[in-house]
Amino acid sequence: MAMSETPRLRSAKRDDYDRIVGVVDDWWGRPISSSLPRLFLDHFHRTSLVAEDGDGLAGFLIGLLSPSMPDSAYIHFVGVAPRARRGGLARGLYQWFFDLAAAEGRTKVKAITSPRNQRSIAFHTAMGFTVTGPVADYDGPAVDRIVFQRELPLP
């Protein structure tokens, strides 16, 4: 199904949580909502983004500026509705976050994924991230991850 219109991007709000968590399992085709607890929109909605079109929620990006690493920002979770895929929306969400992070003085953006997620690895590579891994036991015993990092230009 084709998108009905170009999605509008806006900063996320705490109230967006229920809409987002209500679609992620369907968008992924498997249970994934436990990876997105409410705390991310409660505490990081200012650095997160929602995309909407005439059919409703088209995508989102949950990101944060690291409070412990003042040069770094982190993208935790990104989703694009099946109807909105392959049209550049994910790239636009990432670019918005890169711009926000750079405006806040951040010079690195980081993210992780499962070694099985070949689409994510290909996307992050195409977006200019360096790819490290799989890193054994990154998220605990036998939970390996691919680690992504992209340098941002200094303002």
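Rules of the game
Residues numbered from 1 in each chain as written. Predicted model: local features only at pLDDT ≥ 70, side-chain atom pairs only at ≥ 80, totals over all residues. Heavy atoms only, no water. Salt bridge = Lys/Arg side-chain N within 4 Å of Asp/Glu carboxyl O. Helix = DSSP H or I, 4+ residues; strand = E, 2+ residues; numbered from the N terminus. Buried < 20%, exposed > 50% of the residue type's maximum accessible area, 1.4 Å probe, protein only. UniProt positions renumbered as here; feature names shortened; annotations may be inferred. Phe/Tyr/Trp six-rings, centres within 6.5 Å; stacked < 30°, edge-to-face > 60°. Pairing = 2+ DSSP bridges. Right-handed = clockwise from strand over helix to strand, strands pointing away. Core = buried A, V, L, I, M, F, W, Y, C linked by side-chain atoms within 4.5 Å. Contact = heavy atoms within 4.5 Å.

Colleague: What's the story with the pattern of salt bridges in this structure? I'm lost.
Modeller: Pairing between side chains becomes possible if they bear opposite charge and their charged atoms approach one another. What the rule picks out here adds up to eleven salt bridges. Put simply, Arg19 and Glu52 hold a salt bridge, and the shortest N to O gap is 2.9 Å. With a gap of 33 residues between them, Arg19 in helix H1 (residues 17–28) and Glu52 in strand S2 (residues 49–53) connect regions that are remote in the sequence. Asp71 is the salt-bridge partner of Lys108, the closest N and O atoms lying 3.1 Å from each other. Within this pair, whereas Lys108 is found in strand S5 (residues 108–113), its partner Asp71 is found in the loop between strand S3 (56–65) and strand S4 (72–80), the two being separated by 37 residues in sequence. Taking relative accessible area as the criterion, Asp71 reaches 26% and is therefore assigned partly exposed. Where salt bridges share partners, they join Arg10, Asp16, Arg19 and Glu52 into one cluster.

Colleague: Help me out: how do you make sense of the UniProt feature "domain: N-acetyltransferase" (unreviewed entry) in the protein in this one?
Modeller: Following the UniProt record, one finds the feature "domain: N-acetyltransferase" (unreviewed entry) at residues 7–153. The annotated region residues 7–153 carries 29% helix and 32% strand content, and the separation between its end C-alpha atoms amounts to 27 Å.

Colleague: I'm lost on the packing of aromatic side chains in this one. Help?
Modeller: Pairs of aromatic rings are described using the distance from one ring centre to the other and the angle between the two planes. Evaluated as defined, the whole model comprises nine aromatic pairs. An angle of 80° between the planes, with centres 6.1 Å apart, marks the rings of Tyr94 and Phe98 as edge-to-face. Highlighted residues: Tyr94 and Phe98, both in helix H3 (residues 89–103), separated by four residues, approximately one helical turn. Each member of the pair, Tyr94 as well as Phe98, carries the same accessibility label: buried. Ring plane angle 50° and centroid distance 5.9 Å describe the contact between Phe98 and Phe129, whose orientation is recorded as tilted. Taken as a pair, Phe98 in helix H3 and Phe129 in the loop between helix H4 (118–126) and strand S6 (130–135) lie far apart in primary sequence, 31 residues in all. Its relative accessible area of 5% is what places Phe129 among the buried residues. Chaining the aromatic ring pairs together yields one cluster made of Tyr94, Phe98, Phe123, Phe129 and Phe148.

Colleague: Could you clarify how one ought to interpret the pairing of strand S7 (residues 145–151) in this entry?
Modeller: Side-chain positions along a regular strand alternate between the two faces of the sheet. Bridge count between S5 and S7: six bridges; the pairing is antiparallel. When the bridges of S7 are listed, Ile112 appears paired with Val147. Sheet topology note: the S6/S7 ladder contains four bridges and is antiparallel. When the bridges of S7 are listed, Thr132 appears paired with Val147.

Colleague: Please explain the pairing of S5 as it appears in this structure.
Modeller: Because side chains alternate across S5, one face comprises the buried residues Val109, Ala111 and Thr113, and the other comprises Lys108, Lys110 and Ile112, none of which is buried. Bridge analysis of S4 against S5 gives three bridges, and the strand direction is parallel. Bridged to Ser72 within S5 is Lys108. Note that the unit made of S4, H3 and S5 has a crossover that is right-handed.

Colleague: How should I be thinking about the nonpolar core in this particular structure?
Modeller: If you look at soluble globular proteins, the nonpolar side chains tend to sit buried side by side. With 42 residues, the main nonpolar core has Ile20 and Val109 as its most contacted residues. Elements supplying a minimum of two residues to this core: H1, helix H2 (39–44), S2, S3, S4, H3, S5 and S7. No other element matches H3, which puts eight residues into this core. Setting aside residues no more than four positions away along its own chain, Ile20 makes contact with Leu36, Leu41, Val50, Leu57, Phe60 and Ile62.

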